[in-house]
Amino acid sequence: MKKIVSLFLCVLLTISLTACSGSGKDAEPGQAQPSGDGGGKEITLTMWTHQNEPWNAAYTDAIAAFEAANEGIHIQLETFPYDEFEAKVQTSLIDGEGGADIYEMWGGWALDFTPHNTLMAMPDDFAAQVQEETYAPTYGALMNDGKLYGVPLEFNIENGGLVVNLGLLEANNLKVPATWEELKSTAVAGTAHDGNVFQVKGLDFVNWDSVPYYFLSLILQQGSNYLTEDGKFDVTTQEAKTAFDELAGMVTEDKVTDLEGLTGGGDLEGYQQCYAGRVMMVPRGPWVISEGVESFGMELGTDFDYVEMPWYTDEHKFASETGWSLAVSASCKEQEAALKFIKYLYEDDVMLEHNIRCTQIPSKRNLAESAEYQEAMPYTKVLVEILDNAQFIGTFNTDRLKETVNDTFVGYCSGDYASIDEAMEDLNTKLNAILE
């Protein structure tokens, strides 16, 4: 998710809207157009998603059920490798043709498109319903000028949960840590080297999401903030320096992990290495659990567990960005049918099943807190209990934030900065540049 829409591309977005085309009659950009519900004619809508085995299977089954109940409307699902997906979405929306009618879209990407009328605004009554029923961070990035341009499916959370390889923990006669200091000491005790080569990493938090998320969370947990009242970044505070140093120290001093998750060279991501027996603990969101079960053949509760990630302070605060959502292209010529499908996926029973199968937390408060959801996914209890402690991360491209924080983290851990003060001044300048 490192490709970004430049100012030049944003200009192209505006220009290209005059040439948008879709799969039926022309639509005014950004406004829903009537198209019927399939009665009397055949409608085929193209839906794009990223490739993920549990998610694609859940979408396929939901599509089959929708088509059975809505004669004449067909959803053609097309999947793409995750590393290529964002660029493909960007290109299609910029060109205004050759893309999809319905997009599975990471919330942060929507910020690049909502100001340019490339996505359809949800009807006002439905938008009001979504905002009333879902957690605020789940739709924050889908809003622009009072309009909602998509529907959130999940509460994206990368704080609060810890994947633990139980075999490695038991082999070292260790127990699940309950405090931040126990987390660090357990990670040190579980780390194994062969010379300079890791045999087992005790705690691998160095990945695209976790370094930025935990950096922001540690700032918030200390009672500070990374944003000023006027929406600018300020990571030159003492709390920000302490947070950055705390994370860097686990790499440079405690040596419980390395920078491979950001610099490359590994054959698997950290959570996958945890399933493969090469990492003992990894802080990640609940979405990784399905891969451990379905792709690695591991048993939750026996081979690995998902537990509460210890907090740095007693203030359990964190930032959350808008996660996976569904949006309709403004150039879709069958917007009413597309909206009908999105509303179907937003229905309680459909959204609940989708999130359970994808091991995600539903964007709807009533579903996340429901007995049915907790019975199916009891390990998410530690996360559901803290959802109200989240603040929306902010209206900026989160990929650029992550790239900037991660690059600075790698540089600081590699000795490219003379001091933490120098690193934070440089990071502050670069972060504020992404707002321009």
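Residues numbered from 1 in each chain as written. Predicted model: local features only at pLDDT ≥ 70, side-chain atom pairs only at ≥ 80, totals over all residues. Heavy atoms only, no water.

J.: Lay out the packing of helix α9 (residues 210-221) against helix α10 (residues 238-252) in plain terms, naming residues and giving numbers.
T.: Packing of α9 against α10 leaves a shortest axis separation of 8 Å and a crossing angle of 135°. In terms of their interaxial angle, α9 and α10 are classed as oblique. In this structure, α9 meets α10 at a crossing whose hand is right-handed. Residues V211, Y214, F215, L218 and I219 of α9 lie in contact with α10, whose contacting residues are E239, A240, A243, F244, E246 and L247. Looking at the contact of α9 with α10, its residues break down into nine nonpolar, no polar and two charged. (Axes fitted to C-alpha atoms, helices over the stretch in contact; angles between N-to-C directions. Helix = DSSP H or I, 4+ residues; strand = E, 2+ residues; numbered from the N terminus. Parallel < 35°, antiparallel > 145°, perpendicular 65-115°, else oblique. Left-handed = near helix turned anticlockwise from the far one by under 90°. Contact = heavy atoms within 4.5 Å. Nonpolar A, V, L, I, M, F, W, Y, C, P; charged D, E, K, R; others polar.)

J.: Before we move on, can you summarise the sheet that holds strand β11 (residues 304-308) with the specific residues and values?
T.: Strand order in the open sheet made by the five strands is β8-β9-β10-β7-β11, with mixed pairing throughout. Each edge of the open sheet carries a strand with a single partner, namely β8 (192-194) and β11. For this sheet the average axis-to-axis angle between neighbouring strands, irrespective of direction, equals 25°. When β8 meets strand β9 (residues 197-203), the two strands line up antiparallel, connected through three bridges. In the strand pairing of β9, A192 is matched with V200. In this fold helix α8 (residues 180-190) packs onto β7 (161-165), β8, β9 and β10 (279-283), with an angle of close to 150° to the strand it touches most, β10. (Pairing = 2+ DSSP bridges.)

J.: Tell me about empty space enclosed by the protein, residues and numbers included.
T.: Under the counting rule described, the total for this entry stands at two cavities of 30 Å³ or more. Within this model, the largest cavity holds a volume of roughly 40 Å³. If you go around the largest cavity, the residues you meet are W180, L203, F205, Y214, L247, M250, P283 and M309. Partitioning the lining of the largest cavity into residue classes produces eight nonpolar, no polar and no charged. (1 Å grid on protein atoms, 1.4 Å probe; cavity = no way out; pocket = protein on both sides within 12 Å on 5 of 7 lines; lining within 4 Å. Points joined across faces, edges and corners; volume = space filled by probe spheres on them.)

J.: Provide a residue-level description of the sheet that holds strand β3 (residues 102-106), including the pertinent values.
T.: Strand order in the open sheet made by the five strands is β2-β1-β3-β13-β6, with mixed pairing throughout. Looking at strand neighbours, the two that pair on one side only are β2 (73-80) and β6 (151-152), the edges of this open sheet. The sheet contact formed by β6 and strand β13 (residues 324-328) spans two bridges and is antiparallel. Bridging across to β13, V151 finds its partner in L326. Running over the sheet, helix α2 (residues 53-69) touches β1 (43-50), β2, β3 and β13 and is turned about 170° from β2. Most of the contacts of helix α3 (residues 82-95) go to β1, to which it runs at about 135°, and overall it touches β1, β2, β3 and β13.

J.: Describe the pattern of salt bridges, naming the residues involved and giving the relevant values.
T.: Oppositely charged side chains can pair when the atoms bearing their charge come close. Enumeration over the complete set of coordinates arrives at 20 salt bridges. K241 serves as the salt-bridge partner of D421, at 2.8 Å between the closest nitrogen and oxygen. Residue D421 is located in helix α20 (residues 420-433), and its partner K241 is located in helix α10; the two are separated by 180 residues in the primary sequence. Residues R278 and D267 are paired through a salt bridge, measuring 2.6 Å at the closest nitrogen-oxygen approach. Of the two residues, R278 is situated in the loop between α12 (270-275) and β10 and D267 in the loop between α11 (260-263) and α12; the sequence distance between them amounts to 11 residues. (Salt bridge = Lys/Arg side-chain N within 4 Å of Asp/Glu carboxyl O.)

J.: Got a sec to walk through α10? Specific residues and values, please.
T.: The end-to-end C-alpha separation of α10 is 20 Å, in line with the 21 Å expected for 15 residues at 1.5 Å each. Taken residue by residue, α10 has A240, K241, A243, F244, E246, L247, A248, G249, M250 and V251 as its buried positions. The secondary structure elements touched by the buried residues of α10 are α8, β9, α9, α19 (398-413) and α20. (Expected span 1.5 Å × (residues − 1). Buried < 20%, exposed > 50% of the residue type's maximum accessible area, 1.4 Å probe, protein only.)

J.: If you had to explain the nonpolar core to someone new, which residues and values would you point to?
T.: Formed by 81 residues in total, the largest nonpolar core has its most connected members in L45, I75 and M105. For this core, the element with the most residues is helix α14 (residues 335-346), which contributes eight residues. Leave out the neighbours within four places in its chain, and M105 touches V89, L93, A110, F113, L119, G323, W324 and S325. Of all hydrophobic cores here, the second largest spans 53 residues; its members include V164, A248, M250 and V251. (Core = buried A, V, L, I, M, F, W, Y, C linked by side-chain atoms within 4.5 Å.)

J.: Describe helix α15 (residues 348-357), listing the residues and the values that go with them.
T.: By the burial criterion, the buried members of α15 are V350, M351, L352, H354 and N355. Of the residues one or two after α15, T359 is the one with positive phi, at around 45°.

J.: I'd love a proper account of the layout of surface pockets, names of residues and values included.
T.: Of the pockets and cavities examined, the largest pocket occupies roughly 1100 Å³. In this structure, the largest pocket is lined by 43 residues; those nearest its centre are Y82, D83, E269, Y271 and W287. Those elements that place two or more of their residues in the lining of the largest pocket are α2, α3, α11, α12 and α13 (289-294). The biggest single contributor to the lining of the largest pocket is α12, with four residues. Per-class residue counts for the lining of the largest pocket are 14 nonpolar, 14 polar and 15 charged.

J.: Could you give an account of the pairing of β7, with specific residues and numbers?
T.: Of all the five residues making up β7, five are buried; the element is thus mostly covered by neighbouring parts of the structure. What you see with β7 is no split at all: G161, V163 and N165 on one side and L162 and V164 on the other are buried throughout. Note: β7 against β11, five bridges, orientation antiparallel. Bridging across to β11, V164 finds its partner in D305. Two strands pair when backbone bridges link them, and β7 and β10 are joined in this way by three bridges, in the antiparallel orientation. Residue pairing in the sheet places L162 in a bridge with P283 of β10.

These figures come from the coordinates and say nothing about function on their own.
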